[in-house]
Amino acid sequence: VQLVESGGGLVQPGGSLRLSCAASGFTFSRYAMSWYRQAPGKGRELVAAITNTGGSTNYAESMKGRFTISRDNAKNTVYLHMNSLKPEDTAVYYCNAVVRFYNHWGQGTQVTVSS
């Protein structure tokens, strides 16, 4: 299993970013996918999750209405669209998949929200 995140960077408050996670090594369309984040000095927290078909999603409370998780099973890719970014959204964002009862993580992509 390999998960490779991309799309992070520096953005001003109120700006937007789209993160991507390219997956390989497993049958992507059979598994739910999630995004987590970890801010400096804090634990890793769930940002959003999506079912294998994309038919259902859920979000952490502070992300509702600002973030959207989506997936393209033809491209083996899951996305995180982030709008109205705030300085407190600054963190390393990780893609996650639980495959055959094992937690798999990408290397993470840094998102910094600052003026």
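Residues numbered from 1 in each chain as written. Predicted model: local features only at pLDDT ≥ 70, side-chain atom pairs only at ≥ 80, totals over all residues. Heavy atoms only, no water.

1. Things to note about the pattern of salt bridges
Argument step 1. Enumeration over the complete set of coordinates arrives at 4 salt bridges.
Argument step 2. Between Arg37 and Asp89 there is a salt bridge, with its nearest N and O atoms 2.9 Å apart. Linking Arg37 in strand S4 (residues 33-38) with Asp89 in the loop between strand S8 (77-82) and strand S9 (91-99), this pair joins segments that are 52 residues apart in sequence. No difference in accessibility class separates Arg37 from Asp89, as the two residues are buried.
Argument step 3. Of the charged contacts in the structure, one is a salt bridge between Asp89 and Arg66, with a shortest N-O distance of 2.7 Å. Linking Asp89 in the loop between S8 and S9 with Arg66 in the loop between strand S6 (57-59) and strand S7 (67-72), this pair joins segments that are 23 residues apart in sequence.
Argument step 4. Of the residues examined, Asp89 reaches a relative accessible area of 1% and is grouped as buried.
Argument step 5. Residue class for Arg66 comes out buried when judged on its relative accessible area of 10%.
Argument step 6. Through salt bridges with shared partners, one network takes in Arg37, Glu45, Arg66 and Asp89. (Salt bridge = Lys/Arg side-chain N within 4 Å of Asp/Glu carboxyl O. Helix = DSSP H or I, 4+ residues; strand = E, 2+ residues; numbered from the N terminus. Buried < 20%, exposed > 50% of the residue type's maximum accessible area, 1.4 Å probe, protein only.)

2. Overview of the sheet that holds strand S3 (residues 17-24)
Argument step 1. The sheet built from 4 strands is open, its strands ordered S1-S3-S8-S7 with antiparallel pairing. Either end of the sheet is taken by a strand with one partner, and the two such strands are strand S1 (2-6) and S7. Going from strand to strand, the sheet's axes swing by 15° on average, the running direction of each strand aside. (Pairing = 2+ DSSP bridges. Axes fitted to C-alpha atoms, helices over the stretch in contact; angles between N-to-C directions.)

3. Thoughts on the state of the cysteines
Argument step 1. In total, this model carries 1 disulfide according to the counting rule given.
Argument step 2. Covalent S-S linkage joins Cys21 and Cys95, the inter-sulfur distance amounting to 2.1 Å. Here the S-S torsion is close to -80°, and the disulfide linking Cys21 with Cys95 is therefore left-handed. Taken as a pair, Cys21 in strand S3 and Cys95 in strand S9 lie far apart in primary sequence, 74 residues in all. For the pair formed by Cys21 and Cys95, the shared burial category is buried. (Disulfide = S-S within 2.5 Å.)

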